[in-house]
Amino acid sequence: MEKDADGFYTPKLEASAPLAQDESKDTKEVEQPEPVPSSSCAYSRNTKLLNDSLHIQVTLADQQADPNSPLFSAKTFEELGLHQDLLKGLYDLGFSKPSKIQERALPLLLANPPQNMIGQSQSGTGKTAAFVLTMLSRVDFSKNKTQALCLAPSRELARQIMSVVVAMGKFTPVQTEYAIKDNLPKGTSRITAHIVVGTPGTMTDLLRRKVIDTSEVKVFVLDEADNMLDQDGLGDQTLRVKNLIPRTGVQIILFSATFPNHVRNFASKFAPNANKIELQREELSVEGIRQFYMDCRNEEHKYDILVSLYQLLTIGQSIIFCQHRHTADRISQRMSAEGHKVASLHGAKDAAERDAIIDNFREGRDKVLITTNVIARGIDIMQVNMVVNYDLPLMNERGNQHSNDARPDVETYIHRIGRTGRFGRKGISINFVHDRQTWSQMEEIEKTLNRKIIRIQTDDLEEMEEVRA
Ligand SMILES: Nc1ncnc2c1ncn2[C@@H]1O[C@H](COP(=O)(O)OP(=O)(O)OP(=O)(O)O)[C@@H](O)[C@H]1O
């Protein structure tokens, strides 16, 4: 079988595959409904997720589908027909009602015959539960065969997704396995777990060596799908995984807070005839995250300002993003030497060390994490109430900050600041700018997102404390 220009094997076959639907699309602008009063503390605290007047554009692959059907938008988890064991898992986690993306996506994800999905919703709005519930609902627990694969861009995110699978599946007999580096015992020759979660390199390796039998795989999820499909990123590896699983009968589910134009077409081809839930670009940044900047004099001044912010950084938890690993190491070493307790995490550390660092931070033992884009996406730690862009994110990871054509990476900016303000909570983000170029990069971010980034004085800690309050 020939691969086409994008590396796909069977576009024609896919058109007649069980998951294929009518080619014609029916696009509906859906005004979000009023919230249903809830007695649950966990949920009523977060009614803003239902309240705000975002327009989510839902595009149905099947024009015959009736958007007025009660299943088109489920107000309760019970309405979705979820198995009792999954409902128990949800309640055990304190989830009493679906969030907006869950109420829109789950009816489409759980419908039969299964249909592909490309789903977009802001950071921290509950996309994980949508695809985890789909995987858990589609697995036949009586078969000891792998039936769902889920890929994420980092081991940290894969581990977090797995913790959601295990928690939501607590009352089911689900068996799970990781496909992440240095995790499987040496010599493992067979994986039969129902759900395998991992990163694309290790997953490819396990599939190629036939450690995972794919014959019964019926769900394939990409979290942070735009990143997973980006040709400058993990696109090739992800495509290799797709080419190693059955070509028909697999429900392909792509989720992210961002889908930049240059990956949208590829995504539509990767998940043909998908139902789509999309946001406008101006709606991407979460209201609850207040965005600030500090005008630093130069690189060295950035460091001084960071140190002077330490008190503030440790009220709650903070993540400091740098463009390069060596910057993260350098500032964490300097701060540690000066008596501040900070941790640093990036992709050059070995697997066990990375796991220990993120676990310490997740459990609140460390309050300040200095890192790179490796954890810009997906990481969900409720106590993070401040994000600092020590360096603004730039288009090319290897991009030289001082080159004249370095463009800001707006998508990564959205994901980075989205590590705070999760599920209706409040958070703040602070960008450090220190010269004309970083200033204009920040301006471009402002313009793209149509959101004002407000200045705070670098020498006024009182003002900072007010901002934080
Ligand atoms: N229905 C719900 N009720 C209560 N809490 C929920 C519900 N859905 C999700 N949450 C909580 O909201 C938080 C954010 O969810 P999640 O990590 O899935 O967001 P996300 O949309 O995937 O974000 P990102 O784009 O940053 O990956 C999690 O802590 C999750 O437990």
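Above this text is the structure in question.
Presented here is an overview of the structure given in this document. As the structure is a computational prediction, the values presented were derived from the model and not from experiment.

1. A few points about the overall build of the chain
No. 1: When you go through the chain residue by residue, the secondary structure sums to 18 helices and 16 strands.
No. 2: Taking all 469 residues of the chain together, the buried fraction comes to 57%.
No. 3: When contacts within the chain are restricted to residue pairs at least 6 apart in sequence, long-range pairs at least 24 apart make up 78% of them.
No. 4: Element-wise, carbon and sulfur atoms account for 48% of the exposed surface of the chain, whose accessible area totals about 19,700 Å².

2. What to know about the site of the ligand
No. 1: Contacts to the ligand come from 21 residues, most closely from Lys 97, Lys 127, Thr 128, Asp 380 and Arg 422.
No. 2: In this structure, a nitrogen atom belonging to the ligand sits 2.8 Å away from a side-chain N or O atom of Gln 102.
No. 3: The contact in question runs from an oxygen atom of the ligand to an N or O atom on the backbone of Gly 124, over 2.8 Å.
No. 4: Computed on the free molecule, the ligand has an accessible area of 650 Å², of which 90% lies beneath the protein chains in the complex.
No. 5: Grouping the amino acids of the shell around the ligand by side-chain chemistry returns six nonpolar, nine polar and six charged.

3. Points about the packing of helix α6 (residues 127-138) against helix α7 (residues 155-168)
For any two helices packed against each other, the geometry comes down to the angle between their axes and how far apart the axes lie.
No. 1: Closest axis-to-axis distance for the α6/α7 pair is 10 Å, and the angle between their directions is 55°. Put simply, α6 runs oblique to α7. Crossing hand, α6 versus α7: right-handed. Taking contact as the criterion, the partners of Thr 128, Ala 129, Phe 131, Val 132, Leu 133, Met 135 and Leu 136 in α6 are, on α7, Ile 161, Val 164, Val 165 and Met 168.

4. Description of the pairing of strand β4 (residues 148-151)
No. 1: Side chains Ala 148 and Cys 150 of β4 all project onto a buried face; the interleaved residues Leu 149 and Leu 151 project onto the opposite face, where all are buried too.
No. 2: As defined by bridge partners, β4 adjoins strand β6 (residues 195-198) across four bridges and the pair is classed as parallel. Within β6, the residue paired with Cys 150 across the bridge is Val 197.
No. 3: The sheet contact formed by β4 and strand β7 (residues 219-223) spans four bridges and is parallel. When the sheet's bridge partners are listed, Leu 151 is paired in β7 with Leu 222.

5. Notes on the packing of aromatic side chains
The geometry of an aromatic ring pair is captured by the separation of the ring centres together with the interplanar angle, meaning the angle of the planes.
No. 1: In the structure shown here, the tally under the stated rule is five aromatic pairs.
No. 2: Consider the rings of Phe 131 and Phe 255, whose centres lie 6.1 Å apart with planes at 35°: the pair is tilted. Here Phe 131 is found in helix α6, whereas its partner Phe 255 is found in strand β8 (residues 251-256), with 124 residues between them in sequence. By the burial criterion, Phe 131 is buried, and Phe 255 matches it.
No. 3: When the ring of Phe 266 is compared with that of Phe 270, the centres are 6.4 Å apart and the planes differ by 55°; the resulting orientation is tilted. One end of the pair is Phe 266 and the other is Phe 270, both in helix α11 (residues 261-270) and four residues apart, which spans about a single turn.
No. 4: By relative accessible area, which is 0% here, Phe 270 ends up buried.
No. 5: Counting every residue linked through ring pairs, the aromatic cluster contains Phe 220, Phe 266 and Phe 270.
No. 6: Between the NZ or CZ atom of Lys 242 and the centre of the ring of Phe 270, over which it lies, the distance is 4.9 Å.
No. 7: A cation sits over an aromatic face here: Arg 334 above Tyr 303, 3.8 Å from the ring centre.

6. Observations concerning the pattern of salt bridges
No. 1: Considering all chains together, one arrives at 24 salt bridges under this definition.
No. 2: In this structure, Arg 159 and Asp 359 form a salt bridge, with 3.0 Å as the shortest nitrogen-oxygen distance. Linking Arg 159 in helix α7 with Asp 359 in helix α15 (residues 351-362), this pair joins segments that are 200 residues apart in sequence.
No. 3: Among the residues examined, Asp 359 registers a relative accessible area of 24% and is labelled partly exposed.

7. Overview of the sheet that holds strand β15 (residues 427-433)
No. 1: If you walk across this open sheet you meet the seven strands as β12-β13-β11-β14-β15-β10-β16, and the pairing is parallel. Sheet topology places β12 (343-345) and β16 (454-456) at the edges, where each strand pairs with a single neighbour. The average angle at which neighbouring strand axes cross in this sheet is 25°, direction not considered.
No. 2: Along the sheet, helix α14 (residues 325-337) makes contact with β12 and β13 (368-371), crossing β13 at roughly 145°.

8. Looking at the environment of Val 387
No. 1: Position of Val 387 among the secondary structure elements: in strand β14 (residues 384-389).
No. 2: Judged by its relative accessible area of 0%, Val 387 is buried.
No. 3: Taking the C-alpha atoms as reference, Val 387 lies 37 Å from Gln 115; in sequence the two are 272 residues apart.
No. 4: Once residues lying within four places of it in the same chain are set aside, the contact partners of Val 387 are Ile 319, Phe 321, Arg 416, Ile 417, Arg 419, Thr 420, Ile 428, Ser 429 and Ile 430.

Parameters at a glance
- Residues numbered from 1 in each chain as written.
- Predicted model: local features only at pLDDT ≥ 70, side-chain atom pairs only at ≥ 80, totals over all residues.
- Heavy atoms only, no water.
- Helix = DSSP H or I, 4+ residues; strand = E, 2+ residues; numbered from the N terminus.
- Buried < 20%, exposed > 50% of the residue type's maximum accessible area, 1.4 Å probe, protein only.
- Contact = heavy atoms within 4.5 Å.
- Areas by Shrake-Rupley, 256 points an atom, 1.4 Å probe, with all protein chains shown as cover.
- Near = heavy atom within 4 Å.
- Polar contact = N/O pair within 3.5 Å; in protein donor to acceptor, adjacent residues only side chain to side chain.
- Nonpolar A, V, L, I, M, F, W, Y, C, P; charged D, E, K, R; others polar.
- Axes fitted to C-alpha atoms, helices over the stretch in contact; angles between N-to-C directions.
- Parallel < 35°, antiparallel > 145°, perpendicular 65-115°, else oblique.
- Left-handed = near helix turned anticlockwise from the far one by under 90°.
- Pairing = 2+ DSSP bridges.
- Phe/Tyr/Trp six-rings, centres within 6.5 Å; stacked < 30°, edge-to-face > 60°.
- Lys NZ or Arg CZ within 6 Å of the ring centre and 35° of its normal.
- Salt bridge = Lys/Arg side-chain N within 4 Å of Asp/Glu carboxyl O.

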